[in-house]
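# Structural overview
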Amino acid sequence: MYVAVKGGEKAVKNSQRLVAKKRRGDLCVQKISVDQITNQLGLGVDRVMAEGSLYDVTAAAMAIQQAQGDMTEAIFLVRAFRTTLKRFGNSIPVQTTKMTAIRRVSGIFKDIPGGQVLGPTYDYTHRLIASDQDHAPDPPCEQDTDTASAPPDQTAAGDGISPLPGELPRVIDLLQAQGLLQQDETTSFGDTAEDLTRQPLAFPVSRNLRLQTLARGDEGFILGTAYSLQRGFGLDRHPFLGELKVGYVAVRYTPPELGFDIHVGRMKLTECVMVNRQNDAARKAAGFETGYGLVFGQNERKAMSMSLLDRSLAGEKNTGKNGYPARDPEFILSHCDNVESSGFVQHLKLPHYVDFQSELVFIRNRPKDHTPDKGNP
Amino acid sequence: MLKGFDSEVFDSQAVFRNLLLAMANPGTIAAPDIHLSCPDRLAPGAGALLLTLLDFETVLWSDLDPETPEIKWVHFHTGTRLTPAPDRAGFALFTDSEKLMDPGRFNPGTAASPDLSTTLVIQTRGLDQDQKLRLTGPGIEKEAFIHYAGIPPEFWENRAIMNQAYPAGIDMILVHASRITALPRTTKVAVC
């Protein structure tokens, strides 16, 4: 990964001054605050936290401001900040079944236990840029008694929406109860789990590492490759949305010297389960198989794409579809990280004077009567 | 239970800086300017290194029993995991250099990931720059000399054999009292 670039000291300093000036913009326009970003650009903050692999609302908002709204740059800043943090232990796996949901839908059963709850979504908006929105007066600022003591993003009620009942039955359990689901690979937790941020990605990749890589992968890349599956580049059956849920979970940790678990915080998560009919050729008894997606914050597009890729990368052999990019773990997992991708593509801006000289020398030393190769054997 | 560093941040950074210096210049004796009280059998230099290098994700092997005050102290301050299997350790502590084992019993890493190797922390009985061991290799301009008291001579033969598998190999940090030196796997050691 390319991190920093060297150059003439004075030129670099001037460039840094210029970027600071550009970032501030017109001095007659009021500067935006981190609070404004966390409150009014919440989905952007969610994306930076997810791909930055760090659940820290303030750090993500500061990064967005410092990067002038360039999300990939903000994600880079958060990743860099993350490496400086002291790690003190692994939390107990969060229980998404006990999630305080603010949104939950299923595309496979109309009457799911607990009901379909739209919650905050752009799905039903008209996608018209509303110019009057800027001028509409805000309702008077009332301190919600439930949230007075907590920062706005830390409580579900902070979104101005009352949370759903504490525990919603999982849609997928309905299929499970009927024996229609294939049992997935067992995953391991805590000390025994692999950690993508501590070890290099080596193939073949376990499901643990696959999901970790997808969860911090670039939203655009994950979305585009998942779309390629749907368009026929690797999937020949219609996938279904088993359940999509957005809400808050409690994070618990057991300090070794205490011996009992304590609540250390809450985080917003988007969880998705996709359902697919199994390949008949595999002759499996169950009938359906699932793909899983879990992302920091609210990002349904990413969680759904992740679930599609989780399934396609599970690597059922001999389906005749393995040649497609979205079925190839090495292709997807090695290229979905935007900090890595951006570093390698952008390193081409660095001086390559000597490398290029060698190309020139090669061309100039070619025999004079050289004719272009027609590609004939 | 004895306390750890006076300042977790500044002391561990000072120790790490000194270790970097010792690793980059084999044969150089570094002495971190910190104060640390360790349990009996643990030299202050070794204690400081362990507090700096270990955390809840590292795996430590030691010639001491896990129930000794020394290991309990290290575990309390770092949260490191302990292993009885030398080849699974990321770090290994020898408090008694007379009982050094063949370094080949530890994990030398692989050609693809030589960084996965075990790093040995060895407490010696004395450390000076007498012309007993001649060091050559990266980080040494021509040659450097060092003398460690209480290391069995066959240890150096075993080390030479094991390091033939370069880039796999074992890096070592040798300590006496609060002074530290390092022998990375690239350093060639000749007994004079």
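Residues numbered from 1 in each chain as written. Chains lettered and ligands numbered in written order. Predicted model: local features only at pLDDT ≥ 70, side-chain atom pairs only at ≥ 80, totals over all residues. Heavy atoms only, no water.

## Re the overall build of chain B
Each helix and strand counted, chain B has 4 helices and 9 strands in total. Reading the secondary structure of chain B in the N-to-C direction produces α-α-β-α-β-β-β-β-β-α-β-β-β. For 192 residues, the compact-globule estimate of 2.2 N^0.38 gives 16 Å, and the C-alpha radius of gyration of chain B, at 16 Å, lies within 12% of that figure. Expressed as lengths along the three principal axes of its C-alpha atoms, the size of chain B is roughly 45 × 30 × 30 Å. Taken across its 192 residues, chain B has 51% of its residues classed as buried. Taking the contacts inside chain B whose residues are at least 6 apart along the sequence as the reference set, 67% of them involve residues at least 24 apart. By element, 53% of the accessible surface of chain B is carried by carbon and sulfur atoms, the whole surface being about 9,200 Å². If you average the places of the 16 positive and of the 23 negative side-chain charges in chain B, the two averages end up 3 Å apart. (Helix = DSSP H or I, 4+ residues; strand = E, 2+ residues; numbered from the N terminus. Rg over C-alpha atoms; globule rule 2.2 N^0.38 Å. Buried < 20%, exposed > 50% of the residue type's maximum accessible area, 1.4 Å probe, protein only. Contact = heavy atoms within 4.5 Å. Areas by Shrake-Rupley, 256 points an atom, 1.4 Å probe, with all protein chains shown as cover. Lys, Arg positive; Asp, Glu negative; His and termini not counted. Charge placed at Lys NZ, Arg CZ, Asp CG, Glu CD.)

## Observations concerning the interface of chain A and chain B
How big an interface is tends to be stated in terms of accessible area lost as the parts join. Opposite the 8 residues of chain A that make contact, chain B presents 5 residues. For the chain A and chain B pair, buried surface summed over both sides reaches about 520 Å², with 43% attributable to carbon and sulfur atoms. When the shortest N-O distance is used, the salt bridge between R87 of chain A and E57 of chain B registers 2.9 Å. Viewed at the interface, chain B and chain A are joined by 3 residue pairs in polar contact (both at pLDDT 80 or more). The residue inventory of the side of chain A that touches chain B, partitioned by class, reads 1 nonpolar, 2 polar and 5 charged. (Buried area = accessible area lost by both parts, 1.4 Å probe. Salt bridge = Lys/Arg side-chain N within 4 Å of Asp/Glu carboxyl O. Polar contact = N/O pair within 3.5 Å; in protein donor to acceptor, adjacent residues only side chain to side chain. Nonpolar A, V, L, I, M, F, W, Y, C, P; charged D, E, K, R; others polar.)

## A closer look at the domain arrangement of chain A
Residues and elements named next belong to chain A. Domain boundaries in chain A define domain 1 (9–82) and domain 2 (96–120 + 152–341). Facing the 16 residues of domain 1 at the interface are 20 residues of domain 2. Roughly 1,500 Å² of surface becomes buried between domain 1 and domain 2 when both sides are summed, with 52% attributable to carbon and sulfur atoms. In this structure, R47 and D218 form a salt bridge, with 3.2 Å as the shortest nitrogen-oxygen distance. (Domains from an automatic or database assignment.)

## Regarding the packing of helix α7 (residues 207–215) of chain A against helix α9 (residues 300–312) of chain A
Residues and elements named next belong to chain A. Axis separation between α7 and α9 bottoms out at 10 Å; the angle between their running directions is 150 degrees. For the element pair α7 / α9, the angle class is roughly antiparallel. Considering how the two elements wind past one another, α7 and α9 form a crossing that is right-handed. Contacts from R207, R210, L211, L214 and A215 of α7 reach α9 at K302, M306, L309 and D310. The class makeup of the residues in the contact of α7 with α9 is 5 nonpolar, no polar and 4 charged. (Axes fitted to C-alpha atoms, helices over the stretch in contact; angles between N-to-C directions. Parallel < 35°, antiparallel > 145°, perpendicular 65-115°, else oblique. Left-handed = near helix turned anticlockwise from the far one by under 90°.)

## Things to note about the pairing of strand β8 (residues 179–183) of chain B
Residue and element names in this part refer to chain B. Of all the 5 residues making up β8, 4 are buried; the element is thus mostly covered by neighbouring parts of the structure. Judged from the 5 bridges that link them, strand β7 (residues 171–176) and β8 form a sheet pairing that is antiparallel. Bridge pairing in β8 places H176 opposite R179. In textbook terms, the turn of a hairpin is the stretch between consecutive antiparallel strands, and for β7 and β8 this stretch comprises 2 residues, one of which, A177, has a positive phi near 50 degrees. (Pairing = 2+ DSSP bridges.)

## Side note on empty space enclosed by the protein
Tallied over the entire structure, the rule returns 2 cavities of 30 Å³ or more. Taken together, the residues of the lining of the second largest cavity sort by class into 2 nonpolar, no polar and 4 charged. (1 Å grid on protein atoms, 1.4 Å probe; cavity = no way out; pocket = protein on both sides within 12 Å on 5 of 7 lines; lining within 4 Å. Points joined across faces, edges and corners; volume = space filled by probe spheres on them.)

## Describing the confidence of the model for chain B
Confidence along chain B averages 92 in pLDDT terms, with 100% of residues attaining 70 or more. Reported confidence for the predicted complex is 0.73 by ipTM and 0.83 by pTM. (pLDDT = per-residue confidence, 0-100.)

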